[in-house]
Amino acid sequence: MTNNNKQQQKQKDARLLGANITDTEFAQELGSIHQEVSQLNQTVSQLQNSQQGQQAQQSAGQQGQQGQQGSNQLLQQMQSFGSQAQQQMQQTDQQVQQNIQQAQQAMQQALQGIQAQQAMQQMNQAIQQAQQSVGQQNQQGQQQSSGQQGQSQQ
């Protein structure tokens with residue numbers, strides 16, 4: 001309100017306090033009071049809306065924090081799951097490698113057994129050949145000795 005308006009308002013207030021007021025002035029005064037009350041109502045409504053807006057922002061902020069917390073928990077669970085899966089894969093890999101090594105050892109042992117068996121067979125063959133050779137020499141010796149006996153008898 002400007003100073004001019006303030007002075008006019010004071011004059012009106014002074015006249016209203018005096019009993020001499022016309023219906024028109026009274027109606028005008030009521031109208032201005034209605035306007036001021038309406039403006040006050042609007043201001044109160046704006047304040048309430050502003051307060052509701054702040055509450056909505058706070059609620060949205062809390063919901064955002066809750067969402068962030070949920071997201072963080074999910075991320076932690078995923079990381080934990082990934083870590084566990086990696087450990088299990090490493091353990092499985094170690095077991096597979098151990099199984100492969102055991103199989104290789106078993107194959108080497110089997111191969112050594114086969115080689116030992118072959119060596120035994122070769123030794124048996126050599127013994128049989130030696131026995132045959134000795135047997136042939138014995139036969140030849142017997143034949144020679146019987147031939148000599150026959151000549152000596154003539």
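Here, the structure is the one placed above.
Presented here is a report on the structure given in the accompanying data block. (Residues numbered from 1 in each chain as written. Predicted model: local features only at pLDDT ≥ 70, side-chain atom pairs only at ≥ 80, totals over all residues. Heavy atoms only, no water.)

## Digging into the overall build of the protein chain
For step 1, the next point in the chain: Counting its regular elements, the protein chain contains 2 helices and 0 strands.
For step 2, the next point in the chain: In the protein chain, which comprises 154 residues, the share counted as buried stands at 1%.
For step 3, the next point in the chain: Here the protein chain displays about 14200 Å² of accessible surface, and carbon together with sulfur accounts for 46% of that area. (Helix = DSSP H or I, 4+ residues; strand = E, 2+ residues; numbered from the N terminus. Buried < 20%, exposed > 50% of the residue type's maximum accessible area, 1.4 Å probe, protein only. Areas by Shrake-Rupley, 256 points an atom, 1.4 Å probe, with all protein chains shown as cover.)

## Observations regarding a nonpolar patch on the surface
For step 1, the next point in the chain: Taken together, the side chains of Phe26, Leu30, Ile33 and Val37 present a nonpolar region at the surface, about 330 Å² in accessible area.
For step 2, the next point in the chain: Looking at the secondary structure, you find isoleucine 33 in helix 2 (residues 23–153). (Patch = residues over 30% accessible without salt bridge, like charges linked within 9 Å, V, L, I, M, F, W, Y side chains within 5 Å. Salt bridge = Lys/Arg side-chain N within 4 Å of Asp/Glu carboxyl O.)

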